[in-house]
Structures are given as structure tokens and as C-alpha cells.
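These are the residues of each chain, in order.
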Amino acid sequence: MHRRLHGRAGYRKVAGVTVAAALGLAAVAACSSSSSTTASTASITGHVTVTGLCAPPSSSPVQYKEWNEDVAIFEKANPDITIQSIYSAQCDIPATLTAQLDAGTEPDVYEVYFGDLDQALDAGQAADITQYVNSTTVPVLKDIVPSAMQSVTAGSTLYGLPIFNYTQGLVINRQLFTQAGLNPNAPPTTWAQVETDAIAITKLGHGIYGYGDYSADNNGGWHFTSELDANGGAMTNAAGTTASFDTTAGVQVLDALHTLRFTDKAMSATEALGWGTLQKQMAAGKLGMYIAAPDDIYNVIVPIDGGNINDYGMGPLPSVSGTPAGTLSGGDDYLFAKRDTPAQIEAGIKWINFEDLTLGQGQYNLARNKAVGLPVGFYEPQMFQGATNTAYTALLNKYTTINESYYSTFVNANEKPDGQPVDDQALYKSLDPVMLSVLTNPNANIPQLLAGATSAVNQILANSSGG
Amino acid sequence: MADLVTLPQTPGSRPARRRTGAGGARRSSAHSLNPRLRRHLSAYGFLIGGVLCFALFSWYPMVREFIMSFQKSQLGVTSWAGLANYRRIFNDPTFWTAWRNTLEFTLLALLFGFAVPFFVAILLNELRHAKGYLRCLVYLPVMLPPASALLLFAYFYDPTYGLFNDILHTLHLPTSQWVLSPGTRWPTAAMISVVIAATWMNMGGATLIYLAALQNIPGELYEAAELDGAGIVKKIRHITIPQTRLILSMLLMLQIIATMQMFVEAFILDGGQGVNNNTESVVYLIYQYAFAMSSASNFNAAAALGVVLLVVLGAFSGGYLWLTRTRAHLSRPRS
């Protein structure tokens, strides 16, 4: 019937306009999804392009050059694969990733944090790669630590590959410790010691502060979680259904920070700080201590912010007891877009295996890192166990350029990784205002703040479980 | 000479030879349909382009947002959720805080952002020298990208290294935490700081519009007032304000709609929430729902809050227009 109507002379113009409009819209749609179109066309002709691999930006010239060398080597060995990188210091920006997943515009292979798989699955944007990953395509598969594999697995289905795993400790500025008459080989382990050392460092003057912490961009909640874990607390109950941070452990952490800021005046009045700020202060010699994973030193403070590798060391996370009960652990994964062709998935896995999961290559090319002057020897990423871990430790010992004793108390503490809480970013977001209030309000009512955040988090968790 | 006199015509109008009887008018209308279409073809072309743009980029997203606010998405499947998203936002403890903060910003922005440009425009209008230079100076901040202007203020407000605290310190006055002030009692120091930055950024545009309106006021009115012994305050009250009433009321409505959508100011100055959520706005809450919470992010809840904001602003605009129309009607001189 409709065909007949369109066949009438009077409808020809309408049909013409409709077709033209449809073609126009199709052209617009094609523009907005050019990467996938290019990729699928390429896979048909035998050539495959993979977009989205997270590469160091040109502001880190040494790592940038290394990455491009690796891409050239890989593409020469695999002439049918083209790697299109995203050059960025932070490839997973939560707000951007959320928008991309909801719009279905994420790259072919995209980097996420350990807690992000649920979001990708909810958006229907994670491809099942179980059939493509085995001991042939990823030889170290059996030795990847279970907590990292868990971050890319739902049920028995594999959706990605982990590439980085971290735990956190207390980064110290050894030079400031020495100037303040403190022993840099014995970083503080209790909050009371942190307070004493921070006061001594702050007394150096010239805008130097003993301790720093985040309170913006979800980083405040992120650090609070780690400090809470170290103090024996947990963000949620084991089932992840209710908040559990409004406890003595949580109050003690916030009390310690509030005392550092207002009683000791050992923290700056400039707060609402997000990721990247404390690293700069540390590199500039203006900050004595803050908590972080070791890669802050060798990936940011030294190569980007211009710090001197010999000025830094690490201890375990501070706690009231002096022995951290645990630490927030996390890391980075690569997931695959649902629209990826089998050829793109295979090519992506091949690249990840080459760059991120093979000792002696890519991020584990420690000989090259040493040759170009990058610091080598940090026990990170903590990706492997068994034989692969033994081989990695041997490799680290062979090429190390750092003074390992500067990090011995952190390594010896062997902190228990606690993973990320359920709905991690939402929980961190809810705790940011608590951290900000504690660090800016001399009269902050800590129990009231924790009670308010508990109510907000409980609602988030209820919505989550209720769908 | 009389033959040369013609009736004034609006551009594009035709001579009045179509004025015939009723039958003639019908006949003429039937015959002139195609030529009229032809004559206005280019106008229709432009109209279609504009309507299509609005339909695609304004009206469709609004309809889509409304539909999304009643849906939920899970595992890539979208289904109807009834009022669940609305229940979620109304049960959120920060929902009312965000509305309270938004109203506070709107009221303060009216106080500062509405009055200051008006008085600056009066001042500029009275000046006899360096007029162009000063107008340029007043408008300059509008040309700065908002992010740059706000980063500048973020530096001014820095409690440790900021310019404002340096000045206060030099004058032996107590310093402030500015946007990081913890208070939550109206008006908060944090919100006043945000409003000051917003006013500085945006006042140039309003000032120029007021200035244009002021220059349309006949000088004779002021001369007559001066002869009657009116001072500057009386002249403003009895001449300037009544003569610029239409512009003032239009800008008032536009400003309220704009300030109710406050987002970027607090987002850059203090991360969006402020201490004790004292600068968290409704639009920031929409952003949080949509993007900032990873797996708990929810476009549908964000859409529900967007619809609530749309309804509030729509009701306000409708009410405002109705009120101002009624007043115009009442103040019309009776014949």
C-alpha cells in the first residue's frame, strides 16, 4: 500500500525530500561514528584498525617516544593492524567515560578503572572476549593476580584485560624530612607520628606544609577509603548493600586530618584539591607527605613535574595502630566495545599482550627504561603471581636504578589489598564534601558529616541494587 | 506636484490596487497564491532551516528528555520505570539543598548582577570623556572565556596565595576562605564570592544594553526635570527607570532564567559542591546524576531533574509574562 502511494506523482516530491533527508541524516550519523565504520570496513578487507589505546602525552617526551617506538615495532610485525592511540595523561575521566558509554561512542578498546565494568555492562557497551583469551593469546594469563582478573570478569564471562594493579602508601619527601631533623628512613606509620613529623616539616616555613590530601573530583572520597581501610574500616558491608564508614575507624581518620589542618596548621589553607596538585607540590619541595601509589613518583612527580628521584621514599599507609589493616587497591583495565568486530578484538588483545603483559616488552622493557633514564625498581604494577612474578622480580633487581631502601618499609608492610567498594566513584563523590568540610571548616561536626554521607551512600546503594 | 505624492510603503509591499469588493478579493487571493509563495520562497527556505535546527537540537532533546525521565536502562536494555526516577531525586537529601542554593544564587545575582550594570550604565551615560575607552573596559570581561575568567578568580580567592587575602592582610584586616567558606546560613560567604565572580564576568553585556536604552531617552525630559528642581535620584526614579522599564523587565526575566541554571561558576571555583554543599546547584546535581558517579550514574534520573527544572522555569516565565502583560494592559491610556 505504501509503495503504491509513494508511486503516485503527487508523492514523488515528498519521497524525494524524505530520501534526501534520510541521506543527510545518514551522512551526519556516519560522521559521528566514523571510527567504527572505518574499522569494520578495514576488517572486511583484511586490515584492522583499533582505536583507543591509552598512550602517554607528548608532555612526557621519554614515555611518548617509547610508546611510538613500540607501536612501530608492533605494526611492522603485524602489518594488517593499525594502532590509533589516545595521547592523554588520564584516559579514563569518569564523566567522559560515562557520557561515551551512554552514547555508545567509546573507542574500540577503552581504558577503565577497576570498578567500571558494571557501568560498561549496564550501558550494554562491553564485548564478551572470553573465547579470544587463552594461554596462547595471553601467555601470562594464569599468573595474573585474581583480584585484577576479577575486575574484568562477570560470572564466568571475561570482558577485558587488566594492565595495572596498585596499592597505596605514604609518599614522603626525604629532603624535607632531613631538613626538619627527621629520619627519612623511618617514615611515620601512625597518625600521631604523621602529626609530629608534619608539624616539624611545616616549621621549615617558606610555604612548606607537612601533610596534604585531596577533597575534590572524587579524589577526597578515594583517599578517605584508603585511609579507612588502613584503619580497619570499610566503606560498605560485605554485601555492598549499606554504608559502614560511620564508625570509630572513620571518625579517627577524619579527626587526624582535622587536627593536622586546624590544630597543627600543618596542612595548607588551600583545599578542594584534585589529582595532580599534590604531586606538583611534592615535586616543588613544598609538601612533606601525602598518600599515593608508587607510580605517582615514577610516572608523574619525576618525569612530568620535574622532581628528583632521590628526594622521595615511601612508607605504609598511616593508621592509628601503626600496622595498616588493609589498603584500597585498584588499577586499570582495557575493555572492548560491544560493536568491535572479531578481528578488532583479536588485534586489541594482541596489542595489550605485547605492550602490557609481556616481560621485557612495552611497559616491562626495563632495560630500555634504564637506558633512557626513567626510574626503575618500583614494585609495581603488582600484576603477577607465581613464576611470572618471580621472573618480574628478577628483572626488577637486574635493572633497578632507585635506592630500594627508600621504599623498604612500604614493601615490607605487604598491605592487604581490599579492592574497590561497589559503586566506587559514586561513593567517592559522596565523601568528597566530607573531606572538604573537615579540611576547611574549623568547627566541622565529624559525626554529623559521616551521618549525612551515610544517608547519601545508602540511597545510592539502594538505587543500585534496585536497578 | 500632487501627482508625485505616493503613499508610504513598507519594503516589499505592493500598491493597493487589490482593494476591491468581496468577490474580487476572493478571486485575487486565488490568483495571487502562487506568486506570493514564489515571492516568499527564500524566506520559507530560511524558516525551514531554522525550524529544522530548533527541532533537531532543541525540541527533540526536550521531548527525549521527558521520555527518558520515565525510563530506566540496564544491561543495555531500556524499559519503563514509571515515577521511579522522580522518587529517586525527591528522596535525595541534596535535592532541596541544591534548590535552596540555586535560589540563593539567583537572589544574590539579582541584587548584584541586576543593579550594578544598571548603575554602571547610568554612570557611563553621564560621562563626557573617555566614553569609548570605558565602555570597552566594562565589556572586556565578557570576551574572556568563562573558564579563564573563573580560573582568574580562583587565584584571587586562594586562601593561601590569593590576591584578595594578600590585600586584606596588607590592610591588617581579617582574611577569608572565600569560596571555601564553610557557612551554610544565608547569605553564605561562599555564595557571595561566586556571585561576585559571576557578576564581573557577565555585567558587560547587560551594561551595554542598558546604555543603549538610556541613550534613547529624550534629553528634554531631563531638562524639564532639572527646571522643576529634580536631583539625580528623582531623575533616575521618575525618568530613567520608567523610560527603560521594558528593557529592565526583559533583562530581569532573562537573568533569572540564566542564573537558575548556574553551573560553571561553582564548578570551577570550588569543584561544584562547596563546603557542606553550600554552592551545589540544581544543574550541578543534574551533572552529578548524569556523569560523575560511574556505575551509579543515571541519565534517567538526570533527565527527571532536568524536567523538574524546566517546569519550574517554564512556570516562572509564563507567570512573569502574564503579570507584565496585565500591567501593560492596565497602564494603557484610556480613550
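Parameters at a glance
- Residues numbered from 1 in each chain as written.
- Chains lettered and ligands numbered in written order.
- Predicted model: local features only at pLDDT ≥ 70, side-chain atom pairs only at ≥ 80, totals over all residues.
- Helix = DSSP H or I, 4+ residues; strand = E, 2+ residues; numbered from the N terminus.
- Buried ≥ 20, exposed ≤ 12 C-beta atoms within 10 Å, placed from the backbone.
- Contact = placed C-beta atoms within 7 Å.
- Nonpolar A, V, L, I, M, F, W, Y, C, P; charged D, E, K, R; others polar.
- Pairing = 2+ DSSP bridges.
- Axes fitted to C-alpha atoms, helices over the stretch in contact; angles between N-to-C directions.
- pLDDT = per-residue confidence, 0-100.
- Core = buried A, V, L, I, M, F, W, Y, C linked by C-beta atoms within 7 Å.
- Domains from an automatic or database assignment.
- Expected span 1.5 Å × (residues − 1).
- Arc of directions from axis to C-beta.
- Parallel < 35°, antiparallel > 145°, perpendicular 65-115°, else oblique.
- Left-handed = near helix turned anticlockwise from the far one by under 90°.

*Asks:* Which residues make up the overall build of chain B, and what are the values?
*Replies:* Along the backbone of chain B there are 14 helices and two strands. Within chain B, the fraction of its 335 residues that count as buried is 30%.

*Asks:* Go over the overall build of chain A with me, naming the residues and quoting the values.
*Replies:* Regarding its fold elements, chain A presents 19 helices and 11 strands. Across the 467 residues in chain A, those meeting the buried criterion constitute 51%.

*Asks:* Residue-level account of the interface of chain B and chain A, with values.
*Replies:* Taken together, the 32 residues of chain B in the interface contact 39 residues of chain A. At the level of elements, β1 (71-74), α3 (84-91), α4 (93-126) and α13 (282-291) of chain B are the ones that each hand at least two residues to the side of chain B that touches chain A. The greatest single-element share of the side of chain B that touches chain A, amounting to three residues, is contributed by β1 of chain B. Per-class residue counts for the side of chain B that touches chain A are 12 nonpolar, 15 polar and five charged.

*Asks:* Explain the sheet that holds strand β9 (residues 287-292) of chain A to me, using residue names and the numbers behind them.
*Replies:* Residue and element names in this part refer to chain A. With mixed pairing, four strands are arranged side by side in an open sheet as β8-β9-β7-β10. Pairing within the sheet leaves two strands with one partner each, and these edge strands are β8 (209-211) and β10 (312-315). With direction set aside, neighbouring strand axes in the sheet form an average angle of 25 degrees. In terms of strand pairing, strand β7 (residues 169-173) meets β9 through four bridges, oriented antiparallel. When the bridges of β9 are listed, I172 appears paired with M289. In the packing of helix α9 (residues 191-202) onto the sheet, contacts are made with β8 and β9, and the angle to β8 comes to roughly 165 degrees.

*Asks:* Residues and numbers for the confidence of the model for chain B, please.
*Replies:* Residue and element names in this part refer to chain B. Across chain B, pLDDT averages 84, with 86% of residues at or above 70. The low-confidence segment residues 1-27 (pLDDT under 50) makes three contacts with residues lying over four places distant or belonging to another chain. Across the interface, the model reports ipTM at 0.71; the global pTM reads 0.78.

*Asks:* Report on the nonpolar core, specifying residues and quantitative values.
*Replies:* Grouped together as the largest cluster of nonpolar side chains are 157 residues, with contacts concentrated most on V171, Y211 and Y290 of chain A together with V194, L269 and L305 of chain B. Of all the elements, helix α18 (residues 424-440) of chain A adds the most residues to this core, at nine residues. Non-local contacts of V171 of chain A, meaning those with residues more than four positions away in its chain, are made with M282, M289, Y290, A292, D296, I297, Y312 and M314 of chain A. If you look at the next biggest cluster of nonpolar residues, it comprises eight residues, including A121, M203, A206 and L251 of chain B.

*Asks:* Run through the sheet that holds strand β3 (residues 109-113) of chain A, naming residues and quoting values.
*Replies:* In sheet architecture, strand pairing relies on hydrogen bonds along the backbone and comes in two forms, parallel and antiparallel. Residue and element names in this part refer to chain A. Read from one edge to the other, the open sheet built from three strands follows the order β3-β11-β6, with strand pairing classed as antiparallel. In this open sheet, the two edge strands, each paired with only one partner strand, are β3 and β6 (160-167). Averaged over all pairs of adjacent strands, the angle between strand axes in this sheet comes to 20 degrees, irrespective of strand direction. Across seven bridges, β6 lies against strand β11 (residues 329-336) in antiparallel orientation. For T167, the partnering residue across the bridge sits in β11 and is S329. Along the sheet, helix α14 (residues 342-356) contacts β3, β6 and β11; its crossing angle with β6, the most-contacted strand, is approximately 30 degrees.

*Asks:* So what about the domain arrangement of chain A? Which residues, and what values?
*Replies:* Residues and elements named next belong to chain A. When the domains of chain A are assigned, the result is domain 1 (45-165 + 330-399) and domain 2 (169-328 + 408-466). Here domain 1 and domain 2 have C-alpha centroids that lie 28 Å from each other. On the side of domain 2, 16 residues touch domain 1, which itself brings 14 residues to the contact.

*Asks:* Just give me the short version of unusual backbone geometry, but keep the residues and values in it.
*Replies:* Residues and elements named next belong to chain A. Looking along the chain, the bond that leaves E380 and enters P381 is cis, with omega of -5 degrees. In this fold, P381 is placed in the loop between α15 (366-371) and α16 (386-399). For H206, which is not glycine, the phi torsion reads 55 degrees and is therefore positive. Structurally, H206 can be placed in the loop between α9 and β8. Its identity is not glycine, yet K265 carries a phi of approximately 50 degrees, on the positive side.

*Asks:* Go over the domain arrangement of chain B with me, naming the residues and quoting the values.
*Replies:* In many reports, interface size means the accessible area that the parts give up when they come together. In terms of domain boundaries, chain B breaks down into domain 1 (41-68) and domain 2 (86-330). Relative placement of domain 1 of chain B and domain 2 of chain B: their C-alpha centres are 29 Å apart.

*Asks:* Give me helix α6 (residues 146-157) of chain B: which residues, what numbers.
*Replies:* All names here are of chain B. In this model, α6 (12 residues) spans 16 Å end to end at C-alpha, consistent with the 16 Å of a helix rising 1.5 Å per residue. Residues A149, L150, F153, F156 and Y157 constitute the buried set of α6. One side of α6 carries all its buried residues, which in axial view fall inside an arc of 105 degrees. In α6, those exposed residues whose orientation departs by more than 90 degrees from the buried face are A147, S148 and Y155. Elements that come into contact with the buried residues of α6 comprise α5 (131-143), α7 (163-170), α8 (189-215) and α12 (264-270).

*Asks:* Talk me through the packing of helix α10 (residues 219-230) of chain A against α18 of chain A; I want residue IDs and the actual numbers.
*Replies:* Residues and elements named next belong to chain A. Packing of α10 against α18 leaves a shortest axis separation of 6 Å and a crossing angle of 90 degrees. Relative to α18, α10 is oriented roughly perpendicular. Along its contact with α10, which presents G220, G221, W222, F224 and T225, the element α18 presents L427, Y428, K429, S430, L431, D432, M435 and L436.

*Asks:* A description of the packing of α6 of chain B against α8 of chain B should follow, citing residues and the corresponding values.
*Replies:* All names here are of chain B. Taken N-terminus to C-terminus, the directions of α6 and α8 make an angle of 140 degrees; their axes are 10 Å apart at the nearest point. The orientation of α6 relative to α8 falls into the category oblique. Handedness of the α6/α8 crossing: right-handed. Listed contacts from α8 to P146, A149, L150, F153 and Y157 of α6 are S193, A197 and M201. Taken together, the residues that form the contact of α6 with α8 break down as seven nonpolar, one polar and no charged.

*Asks:* Describe α10 of chain A, with residues and values.
*Replies:* Residues and elements named next belong to chain A. Here α10 contains 12 residues, and its C-alpha end-to-end distance of 17 Å stays within 8% of the 16 Å for a straight helix at 1.5 Å per residue. Extensive coverage of α10 is indicated by the burial of 12 of its 12 residues. Three or more residues of α10 are buried, namely N219, G220, G221, W222, H223, F224, T225, S226, E227, L228, D229 and A230. Lining the buried residues of α10 we find α11 (248-263), β9 and α18.

*Asks:* Before we move on, could you go through the pairing of strand β1 (residues 48-55) of chain A and cite the residues and values that matter?
*Replies:* Residue and element names in this part refer to chain A. Within β1, eight of the eight residues are buried, leaving the element largely enclosed by the surrounding structure. Bridge count for β1 against strand β2 (residues 81-87) is seven bridges, and the pairing is parallel. Bridged to V50 within β2 is I83.

*Asks:* Tell me what's going on with the environment of H258 of chain A, and back it up with residues and numbers.
*Replies:* All names here are of chain A. For H258, the position within the fold is in helix α11. Separated by 181 residues in sequence, H258 and L439 place their C-alpha atoms 6.0 Å apart. Apart from the residues within four sequence positions on either side, H258 is in contact with V438, A444 and I446.

*Asks:* How would you explain the environment of I144 of chain A if you had to name every residue and give the values?
*Replies:* Residue and element names in this part refer to chain A. By the secondary structure assignment, I144 is in the loop between α6 (117-122) and α7 (146-150). Residues I144 and E195 lie 51 residues apart in sequence; the distance between their C-alpha atoms is 38 Å. Once residues lying within four places of it in the same chain are set aside, the contact partners of I144 are M149, P162, M383 and F384.

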